[in-house]
Amino acid sequence: MADITIQKIQETVRDAVAHQVRSVTDWHFGEPVYDEEPADDLGGLSGFRELVARQHWVNFQLWHVEDRARRQDVDAKIIADCKHRIDRFNQKRNDLIERVDACLIGMVQPLLPENGEERYNTETIGSALDRLSILALKRYHMEEQTRRRDVDEAHIASCKSKCDVMVRQHADLERGILELLDDYARGLKKPKVYYQFKMYNDPSLNPELYATAK
């Protein structure tokens, strides 16, 4: 941990974001091999990088299950199964966002000025990386639309225009993350993990689950 700097964290963020974009294409041809759950002790730059990749992989799976859940030509049991899978993926997604933030703070905390201000961003870096993950997926699938042969030119032109906007949004958000890390280093803001405390999957908190269990 002694050789970690804000600049190295920023380099790792850039690498993780580039991997998000690249892997969307790669994973459509061959899915990654991950253990069921990430190790509990992931930390440092390599741990951060793996957690971001795993969170992106959950979004990749979630995207395609959500597409399937919107079909109206399949049995209701298939849609119900999709909905349950979506719930599980969303839980994993939020858990990994929190782990990304916790890992980041573990690296950043020793680098913070002692007199840093108690000011916080409206969005954590973990949440922003999640949005970049979704943008990478949107870009890939919107670009697919521009190559379709069964649609008119207006559809293709509209999709190309949306792709251009998403490229700009992606660049803006990535730059915002890197600038937020600069703010941490200068003591202008502090990082914090914001826990989601999702209730719908917890049988002790969801009344629809604990009521029927009785």
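This structure is a prediction, so every number in the text was calculated from the model and none was measured.

Caption draft 1: Examining the overall build of the protein chain more closely. Scanning the protein chain from N- to C-terminus turns up six helices and zero strands. Along the protein chain, helices (α) and strands (β) appear in the sequence α-α-α-α-α-α when read from the amino end. Projected onto its principal axes, the C-alpha positions of the protein chain cover 60 × 55 × 30 Å. Taken across its 214 residues, the protein chain has 41% of its residues classed as buried. Within the protein chain, counting contacts between residues at least 6 apart in sequence, those at least 24 apart form 80% of the total.

Caption draft 2: Representation of the pattern of salt bridges within the structure. Taken as a whole and assessed by the stated rule, the structure comprises 11 salt bridges. We note a salt bridge from K8 to D3, for which the minimum N-O separation is 4.0 Å. Salt-bridge contacts for E118 lead to K190; the nearest nitrogen and oxygen are separated by 2.9 Å. Here K190 lies in the loop between α5 (153-186) and α6 (207-213) and E118 lies in the loop between α3 (76-108) and α4 (125-145), a separation of 72 residues in the sequence. Overall, the relative accessible area of 56% leaves E118 in the exposed class.

Caption draft 3: The environment of R147, seen in detail. Turning to its location among the elements, R147 is positioned in the loop between α4 and α5. When its relative accessible area of 52% is taken as the criterion, R147 is described as exposed. R147 sits 55 residues away from D202 along the chain, and the two C-alpha atoms are 43 Å apart.

Caption draft 4: Examining the packing of aromatic side chains more closely. Using the criterion set out here, one finds four aromatic pairs in the structure. With a centroid separation of 5.5 Å and an interplanar angle of 85 degrees, the aromatic rings of W27 and F60 are classed as edge-to-face. Of this pair, W27 sits in helix α1 (residues 6-27) while F60 sits in helix α2 (residues 44-69), and the two are 33 residues apart along the sequence. Side by side, W27 and F60 carry an identical accessibility label, which is buried. Between the aromatic rings of W57 and F60, the centroid separation amounts to 5.5 Å while the plane-to-plane angle is 25 degrees, which identifies the pairing as stacked. Residue W57 and its partner F60 are both found in helix α2; the two are separated by three residues, about one turn of the helix.

Caption draft 5: Local environment of the nonpolar core. Within the largest apolar cluster, 38 residues are counted, with the highest numbers of intra-cluster contacts made by I9, V13, F48, L104, I125, L129 and L181. Among the elements of the structure, α1, α2, α3, α4 and α5 are those that each provide at least two residues to this core. Excluding residues that lie within four positions of it along the chain, I125 makes contacts with D101, L104, I177, L180, L181 and Y184. V24, W57, W63 and Y140 belong to the second largest nonpolar core, which has nine residues in total.

Caption draft 6: Representation of the packing of α2 against α3 in the model. In the contact formed by α2 and α3, the axes pass within 9 Å of each other and the chain directions differ by 160 degrees. Classified by the interaxial angle, the pair formed by α2 and α3 is roughly antiparallel. Crossing geometry of α2 relative to α3 is assigned as left-handed. Here the residues of the contact of α2 with α3 are counted per class, giving 18 nonpolar, six polar and seven charged.

Caption draft 7: Broad picture of the side chain of T124. Within the secondary structure layout, T124 lies in the loop between α3 and α4. Since its relative accessible area comes to 10%, T124 is described here as buried. Of note is the side chain of T124, whose polar atom sits 3.1 Å from the backbone nitrogen of S127. Those residues in contact with T124 that sit more than four places away from it in its chain are D101, K192 and Y194.

So, how was this worked out
Residues numbered from 1 in each chain as written. Predicted model: local features only at pLDDT ≥ 70, side-chain atom pairs only at ≥ 80, totals over all residues. Heavy atoms only, no water. Helix = DSSP H or I, 4+ residues; strand = E, 2+ residues; numbered from the N terminus. Buried < 20%, exposed > 50% of the residue type's maximum accessible area, 1.4 Å probe, protein only. Contact = heavy atoms within 4.5 Å. Salt bridge = Lys/Arg side-chain N within 4 Å of Asp/Glu carboxyl O. Phe/Tyr/Trp six-rings, centres within 6.5 Å; stacked < 30°, edge-to-face > 60°. Core = buried A, V, L, I, M, F, W, Y, C linked by side-chain atoms within 4.5 Å. Axes fitted to C-alpha atoms, helices over the stretch in contact; angles between N-to-C directions. Parallel < 35°, antiparallel > 145°, perpendicular 65-115°, else oblique. Left-handed = near helix turned anticlockwise from the far one by under 90°. Nonpolar A, V, L, I, M, F, W, Y, C, P; charged D, E, K, R; others polar. Polar contact = N/O pair within 3.5 Å; in protein donor to acceptor, adjacent residues only side chain to side chain.

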